[in-house]
Amino acid sequence: MNQNEKKMKVAEEALQYIESGCILGVGSGTTVNCFIEQLSKIKSKIDAVVSASESSSKLLMSKNIRVISLKEAGRIPIYIDGADESNSLKQLIKGGGGALTREKILAQSSDRFVCMIDDSKFVSKLGNFPLPIEVIDVASSILALELIKLGGRPVLRESFITDNGNIILDVHNLNITEPIKLEKSINNLPGVVTNGLFAIRPADDLLISSDKGIEKI
């Protein structure tokens, strides 16, 4: 199978977590787009969806799936999203699509977080994928210096503004041996909105798509 086929297979597998009448949290990205395509087949089962990005909301509404705010939903029973990397502890790097802040809010607001990846994103140690950090524009220069001190090489994501009106620094070359510690350290820097490490609140279930089928951790 090619990567797109793997994404579609794991998206189809994630449908098993959906219970009739539930309010569902949905993330953002290419695998989530595949999931929304699959979700449209069983949309009558769900009450509404809380979306992590404007692009996901548009796709959901194009499928005539009701989208509501987190304020309206309250606690979310289940949140389904993809990731750019995952380790065996289900700690993630997310934010390649730029929706990391809202994704982290929905993950924190959910009782169960299901993450869908293909096998190319399953790693022994996080950090080969550059770590996205959403930052306030005025703080970008000083934050870049602080991130260099942490051993990273921050690069401004050009021509990109998040749904929250902020910019993203993608940090290359980080040696992420202690994901929880690093997530806390970066989030404590003034001017950081949040970073793309999902280690404090990792996934509860990880679905990995490969040529051999779907593995669940």
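See the structure above.
Scoring rules and cut-offs
Residues numbered from 1 in each chain as written. Predicted model: local features only at pLDDT ≥ 70, side-chain atom pairs only at ≥ 80, totals over all residues. Heavy atoms only, no water. Helix = DSSP H or I, 4+ residues; strand = E, 2+ residues; numbered from the N terminus. Rg over C-alpha atoms; globule rule 2.2 N^0.38 Å. Contact = heavy atoms within 4.5 Å. Areas by Shrake-Rupley, 256 points an atom, 1.4 Å probe, with all protein chains shown as cover. Lys, Arg positive; Asp, Glu negative; His and termini not counted. Charge placed at Lys NZ, Arg CZ, Asp CG, Glu CD. Phe/Tyr/Trp six-rings, centres within 6.5 Å; stacked < 30°, edge-to-face > 60°. Buried < 20%, exposed > 50% of the residue type's maximum accessible area, 1.4 Å probe, protein only. Lys NZ or Arg CZ within 6 Å of the ring centre and 35° of its normal. Core = buried A, V, L, I, M, F, W, Y, C linked by side-chain atoms within 4.5 Å. Pairing = 2+ DSSP bridges. Right-handed = clockwise from strand over helix to strand, strands pointing away. Axes fitted to C-alpha atoms, helices over the stretch in contact; angles between N-to-C directions.

Student: Looking at this model, I keep getting lost on the overall build of the protein. Mind explaining?
Tutor: Helix and strand content of the protein: seven helices and 14 strands. Over its C-alpha atoms the protein spans a radius of gyration of 17 Å, differing by no more than 12% from the 17 Å that the globule rule assigns to 217 residues. Along the longest, intermediate and shortest principal axes, the C-alpha atoms of the protein span 50 × 40 × 30 Å. A fraction of 72% describes how many contacts in the protein between residues 6 or more apart in sequence connect residues 24 or more apart. When the accessible surface of the protein is summed, it comes to about 10000 Å², and 50% of that surface belongs to carbon and sulfur atoms. When the 26 basic and 27 acidic side-chain charges of the protein are each reduced to a single mean position, those positions are 2 Å apart.

Student: Looking at this structure, I do not really get the packing of aromatic side chains. What am I missing?
Tutor: For any pair of aromatic rings, the description rests on two quantities: the centre-to-centre distance and the angle between the ring planes. Summed over all chains, the structure comprises one aromatic pair. Ring geometry for tyrosine 79 against phenylalanine 113: centres 5.2 Å apart, planes inclined by 40°, an arrangement best described as tilted. Of this pair, tyrosine 79 sits in strand 4 (residues 76–82) while phenylalanine 113 sits in strand 7 (residues 110–118), and the two are 34 residues apart along the sequence. In terms of burial, tyrosine 79 and phenylalanine 113 fall into one category: buried. One cation-aromatic arrangement involves lysine 94 over phenylalanine 198; the distance from NZ or CZ to the ring centre is 5.5 Å. Above the ring of phenylalanine 160, the side-chain terminus of arginine 157 is found at 5.2 Å from the ring centroid.

Student: When you look at unusual backbone geometry in this model, what are you seeing that I'm missing?
Tutor: Negative phi characterises most residues that are not glycine, and trans characterises most peptide bonds. The backbone phi angle of asparagine 64 is positive, close to 60°, even though this residue is not glycine. Phi at lysine 90 is positive, roughly 65°, even though this residue is not glycine. The topology assignment puts lysine 90 in the loop between strand 5 (85–86) and strand 6 (92–93).

Student: Honestly, the nonpolar core in this entry has me stumped. Any pointers?
Tutor: Within soluble globular proteins, side chains that are nonpolar tend to cluster in buried spots. Core analysis: the largest hydrophobic core is formed by 23 residues, its most contacted members being Ile18, Leu24, Phe35, Leu39, Val49, Ile80 and Met116. A total of five residues in this core trace back to one element, the largest contributor, which is helix 2 (residues 30–39).

Student: Help me out: how do you make sense of the pairing of strand 2 (residues 48–51) in this one?
Tutor: Side-chain direction in a regular strand flips from residue to residue, so the side chains alternate between the two faces of the sheet. Side chains Ala48 and Val50 project from strand 2 onto one buried face, and the interleaved Val49 and Ser51 project onto a second face that is buried too. Pairing between strand 1 (residues 23–26) and strand 2: four bridges, direction parallel. The residue of strand 2 that forms the bridge with isoleucine 23 is alanine 48. For the crossover from strand 1 across helix 2 to strand 2, the handedness is right-handed.

Student: Where do I start with the sheet that holds strand 4 in this structure?
Tutor: Neighbouring strands of a sheet are bound in pairs by backbone hydrogen bonds; such pairs are parallel or else antiparallel. Ordered in space as 3-2-1-4-7-13-14, the seven strands form an open sheet in which the pairing is mixed. Both outer strands of the open sheet, strand 3 (67–68) and strand 14 (213–216), are each paired with one neighbouring strand and no more. Inspection of the sheet shows strand 1 paired to strand 4 by three bridges, in the parallel sense. Along strand 4, the bridge assignment pairs glycine 25 with tyrosine 79. Against the sheet, helix 3 (residues 54–62) makes contact with strand 2 and strand 3, and its axis sits at roughly 160° relative to strand 2, the strand it touches most. Against the sheet, helix 5 (residues 100–108) engages strand 1, strand 2, strand 4 and strand 7, with an angle of about 145° to strand 4.

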